[in-house]
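Survey of secondary and tertiary structure
Given next are the chains, with one letter for each unit.
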Amino acid sequence: MAAIEVAGLTKQYRGRRGPIKALDGLDLEVPEGGVFGFLGANGAGKTTTIRAAVGHLRANKGTIRMLGASIPDRLPSVIDRVGALVEQPSFFPGFSGRRNLTLLARSRRIPLARVESALTTVGLHDRAESRFATYSLGMKQRLGVASVLLKDPELLILDEPANGLDPQGILEMRNLLRQLAGEGRTVFVSSHILSEIQQLCDRVAIVAHGRTIASGTVSELLQGTVSRYRVAVPGAEAEHGAAANALAAAGFRGTNDDRGRLIVEVTADRAQEVTRVLAAAQIYLSELSPIERTLEDAFLELTHEDPAPS
Amino acid sequence: MSGVGALLGAELRRFFSRRVVRGAFAFGIALTTLVMVIQIARSAESTATQRGTSFVCNVPTDATGSTAAGGAPTDCTTRPTVATLRRDRRLNISRHYSEAVGGVGVAMVLVAFIVGASFVGAEFGAGSLSTQLIFEPRRTRVVTVKALAVGIGLALTAIVLLLYLGVLMYAGSELRGVVNGLDSTWFAARAGDLVRVGAAVALAGILAYAITVVARRTVAAVAGLLIGQVASGIVGSLKNWHWVAKYNPATALILTALNPVHHPGDPEAQILHLRGAIATSCIWAVGLTIVAAVIFSRREVR
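Residues numbered from 1 in each chain as written. Chains lettered and ligands numbered in written order. Predicted model: local features only at pLDDT ≥ 70, side-chain atom pairs only at ≥ 80, totals over all residues.

1. Observations regarding the overall build of chain A
Quick reminder of the rule: Comment: elements are numbered from the N terminus, with helices defined as DSSP H or I runs of at least four residues and strands as E runs of at least two. Here exposure depends only on C-beta density: within 10 Å of a residue's C-beta, 20 or more other C-beta atoms make it buried, 12 or fewer make it exposed, and intermediate numbers make it partly exposed, the C-beta atoms being placed from the backbone. A pair of residues counts as a contact when their C-beta atoms, built from backbone coordinates, are within 7 Å of each other.
When its secondary structure is counted, chain A shows 11 helices and 14 strands. If you line up chain A on its principal axes, its C-alpha atoms span 80 × 45 × 40 Å. Residues counted as buried form 41% of the 310 residues belonging to chain A. Contacts spanning at least 24 positions in sequence make up 69% of the contacts within chain A whose residues lie at least 6 apart.

2. As for the interface of chain A and chain B
Rules: Here the term charged refers only to Asp, Glu, Lys and Arg, the term nonpolar to Ala, Val, Leu, Ile, Met, Phe, Trp, Tyr, Cys and Pro, and the term polar to all other amino acids, Gly among them.
Taken together, the contact pairs 23 residues of chain A with 21 residues of chain B. No other element matches the five residues that helix α3 (residues 97-107) of chain A contributes to the side of chain A that touches chain B. Partitioned by chemical class, the residues of the side of chain A that touches chain B number 13 nonpolar, six polar and four charged.

3. Looking at the nonpolar core
Defined as follows: Joining buried Ala, Val, Leu, Ile, Met, Phe, Trp, Tyr and Cys residues through C-beta atoms within 7 Å gives a set, and that set is a nonpolar core.
Counting residues in each nonpolar core, the largest one holds 142 residues, and the members touching the most others are Phe188 of chain A together with Val201 of chain B. If one sorts the elements of this core by residue count, helix α6 (residues 184-215) of chain B sits on top with 15 residues. The contact partners of Val201 of chain B, leaving out residues within four places of it in the chain, are Met108, Val109, Ala112, Leu154, Ala155 and Ala158 of chain B. Tyr229, Val231, Leu262 and Val266 of chain A belong to the second largest nonpolar core, which has 11 residues in total.

4. Quick word on the confidence of the model for chain A
Rules: Confidence scores labelled pLDDT are given residue by residue by the predictor and lie between 0 and 100.
Averaged over all residues, the pLDDT of chain A is 87; the fraction at 70 or higher stands at 96%. Scored below 50 in pLDDT, residues 306-310 of chain A makes 10 contacts in the model with residues more than four places away or belonging to other chains.

5. What about the pairing of strand β4 (residues 61-66) of chain A?
For a regular strand, side chains alternate in direction, first toward one face of the sheet and then toward the other. All names here are of chain A. Using the following cut-off: Any two strands with at least two DSSP-identified bridges between them are counted as paired.
Across five bridges, strand β1 (residues 4-15) lies against β4 in antiparallel orientation. Bridging from a neighbouring strand, Val6 pairs with Ile64 of β4. Hairpin remark: β4 followed by strand β5 (residues 69-71), antiparallel, with two residues in the connecting loop; positive phi at Leu67, about 50 degrees.

6. Examining the sheet that holds β1 of chain A
All names here are of chain A. Definition in use: Axis angles are defined between N-to-C directions and span 0 to 180 degrees, where every axis is a line fitted to C-alpha atoms and, for a helix, only to the segment in contact.
The sheet built from four strands is open, its strands ordered β2-β1-β4-β5 with antiparallel pairing. Strands with a single pairing partner mark the edges of an open sheet, and in this sheet they are β2 (18-30) and β5. Each neighbouring strand pair of the sheet contributes to a mean axis angle of 30 degrees, computed without reference to strand direction. Where helix α1 (residues 46-53) meets the sheet, its contacts fall on β1, β2, β4 and β5, and the angle it forms with β1 comes to roughly 110 degrees.

7. Some points on the pairing of strand β7 (residues 155-159) of chain A
Residues and elements named next belong to chain A. Condition: A clockwise course of the path from the first strand over the helix to the second, judged with the strands pointing away from the viewer, identifies a crossover as right-handed.
The buried count for β7 comes to five of five residues, which makes it a mostly enclosed element. Burial along β7 is two-sided: the face carrying Leu155, Ile157 and Asp159 and the face carrying Leu156 and Leu158 are both buried. As paired strands, strand β6 (residues 82-85) and β7 are joined by four bridges and run parallel to one another. In the sheet register, Val82 faces β7, and the bridge partner there is Leu155. Across five bridges, the pairing between β7 and strand β8 (residues 186-191) is parallel. By the bridge assignment, Leu156 is partnered in β8 with Val187. Handedness of the β7-helix α6 (residues 167-182)-β8 crossover: right-handed.

8. Re the sheet that holds β8 of chain A
Residue and element names in this part refer to chain A. Read from one edge to the other, the open sheet built from six strands follows the order β6-β7-β8-β3-β9-β10, with strand pairing classed as mixed. Among the strands making up the open sheet, the edge pair consists of β6 and β10 (211-217). Adjacent strand axes in the sheet meet at a mean angle of 15 degrees when their direction is disregarded. Inspection of the sheet shows strand β3 (residues 34-40) paired to β8 by six bridges, in the parallel sense. Residue pairing in the sheet places Leu39 in a bridge with Ser191 of β8.

9. Quick word on the confidence of the model for chain B
Looking at chain B, the pLDDT average stands at 87 and 92% of residues meet or exceed 70. Taken element by element, chain B is modelled with least confidence in helix α9 (residues 249-257) of chain B, mean pLDDT 80, and with most confidence in helix α5 (residues 139-176) of chain B, mean pLDDT 95.

10. Here's the deal with the packing of helix α3 (residues 93-126) of chain B against α6 of chain B
Residue and element names in this part refer to chain B. Going by this rule: Each angle gets one of four labels, with under 35 degrees taken as roughly parallel, over 145 as roughly antiparallel, 65 to 115 as roughly perpendicular, and the rest as oblique. A clockwise turn of the near helix away from the far one marks a right-handed crossing, whereas an anticlockwise turn of less than a right angle marks a left-handed crossing.
Closest axis-to-axis distance for the α3/α6 pair is 7 Å, and the angle between their directions is 20 degrees. Relative to α6, α3 is oriented roughly parallel. Classified by chirality, the crossing of α6 by α3 is right-handed. Looking at the contact of α3 with α6, its residues break down into 21 nonpolar, seven polar and two charged.

11. Quick word on the environment of Arg174 of chain A
All names here are of chain A. Its location among the elements puts Arg174 in helix α6. Separated by 21 residues in the primary sequence, Arg174 and Pro153 have C-alpha atoms spaced 18 Å apart. With near-sequence residues (within four places) excluded, Arg174 lies in contact with Gln199 and Leu200.

12. Focus on α9 of chain B
Residue and element names in this part refer to chain B. Taking burial as the measure, the nine residues of α9 include eight buried ones, the bulk of the element. Listed in full, the buried residues belonging to α9 are Pro249, Ala250, Thr251, Ala252, Leu253, Leu255, Thr256 and Ala257. Each element contacted by the buried residues of α9 is listed here: α3, α6, α7 (218-236), α8 (242-246) and α10 (274-298).

Following this line, the structure appears as C-alpha cells:
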C-alpha cells in the first residue's frame, strides 16, 4: 500500500481575470518508507496538493488516498498517524512555544512528555518559554516540525521544512528527517531547493504547471538522455573558437562556462566522437571530463529551461 | 465523545490563557474593588437640615368652616421653616446587589461581544486554525467546541466577577451598612440573577464568535453587530416591522441580562419576558453557530 496516492487531482481557483488552474490532473504515488521529495517551482502546485491531502481545501476533481483512507471523507480516521507542516508554521503569537504545543497535545490526549521530547529533538528546549511572536523564522520552522513530531506519526508531510534555517539548521533537519525515515516512517518533503532534495531523498516527483512531469528514484532521474562533458583545449581564444566551430559542424551543441571552457552536450555513447572530430580538425584536447548531472539539471531539462553551466 | 472533552479542555485552557481575557478579568476585579471601596466609604446614614420659607394667609370661612364664596385670602405673611431630612446611603446587600448585577451584566454583555469575536478572530489573524485542523480535521466539531469554550469561559468569568462583587458588598454592608433579609429566598433569587447574567454573557460571546467565523475579522464582527443594531432600530420603526427591533440579538441579550419587564397579554412583547429574551438569544446564538459551522466546513483554510 502506498502512503499517499493521488490520481487526476484538479483544483481551480477563481481569479479576478478568470479561473486559475493550480492543479491540472496531478498523479502521484508515494511509497511507504523513506524520504520522498516533491519538487517544483513556485506556483507549480506543491502546496495546493499538500493542502488538499490534509483537508485544508477540496479539489474540483480527482482522488487522494492517504495511508489507505480516502481524503477528505476518511481523513479523521488516519489523522493521528499523520503529521504535517503546511506553508508557514502558524501558532498563537502570544503564547510560548511550549504552551502552543501543549494545547495541541491536550486536544488529542497526547502525553505531555512528548512535547518536551519534540522540543528537545528540534533544539528549541532553551527557548520553549519564549513567546512564538519573538521567534526567528528558523525557530518558527523548528516549532512547526516539533508539532509534526507530537503525534509520533507514520507519515510526515513537510512543506519546505528548511525554510529560514541556517546552514547548521539545514544539516540538522536533514539528519533528523533521515533518522525518521530510518525508523520506518514515510517522510514527504516538498521543496524547491533542489540540492537539498538530492541529498535527502530516496525518490522524487517533479511537478510543473499542476502536473507530475517525472517521478522515480533520484538516480533514475539523474540518468537523463543527455550528458554533458567539459572539453579543455590548450591555447588562446582562437583555438577555443575553432574547437567550438568544429564540434558545431559535427552536430554537437556546445556552450562556454563562466571560465571560458567549452561544455559539450552529448550522449555517453557518442563521447568518443568528440575527440575524433577535434582530432580531425587538428585540435588536440587536454581534458574531456564528464560533468556530474545534478537534480537541478534534470529539473531544468524536464521543465524545458536551459541548465546553467557548472 | 472523549475527543470532544479533550478538545474542549484545550480550548478552555486557551480561552483562559488569552491576554484579553486575563486583562478584562483583572480590569473587572480592579474596577469592582475601586467602586466598592468608594461605596463603602460613602456608606452612612445622615440627617440634613433644610431651611426654607412658607407663605401663609388667612382665608375667610363661613359658619360651617368652609371657604367663603368669593372670599379673598388676607394677612399673607412669609414664615421661616426648618425641616430635618434623613438620608440613608448605607450599603444594603439585600437591596443593592440585584440592581448592581443587572447594571454590571449589561456592561459584561458588551465586553463579551469583543472577547467572543476576538477568540476566533485572533486565530484567523495568526493562521493557527490550519495547524489545529491537522490535529482535529472535523471542522464542525472544531467550530462547535470553540463556541462552547467561549460560552463556558465567559459565563464562568462573569459569575466569578459577580460573586466577587457580592462578597465585597456583603463585607461593606456588614462593616458600614445593613445586612438583613438574606434568607433562602433572597439567595435563590440572586443565584437566578447570576445564572441569567452568565447566560446572557455566554450567548453574547457565542454570537460574536459565530459572526467572526464567517467574517474572519474581529472588527468586522463587532462592527456588524453594531450596524445590525442600528439597522434593526431603523427598520423596526417602520409600520408592521416593529418585530425586527424587538427580536434583534442585542436587544434580546440585554433583556436577558437585565431584570425582565413583564407585559402580560401582549404577544409582540414576549421577548420582554425573561423566558422570551433567553429563548430569542439562544435562537440567535445557536442559529448563527450552525450557519458558521456550515460555512467553515466548506471553506478553504489558510
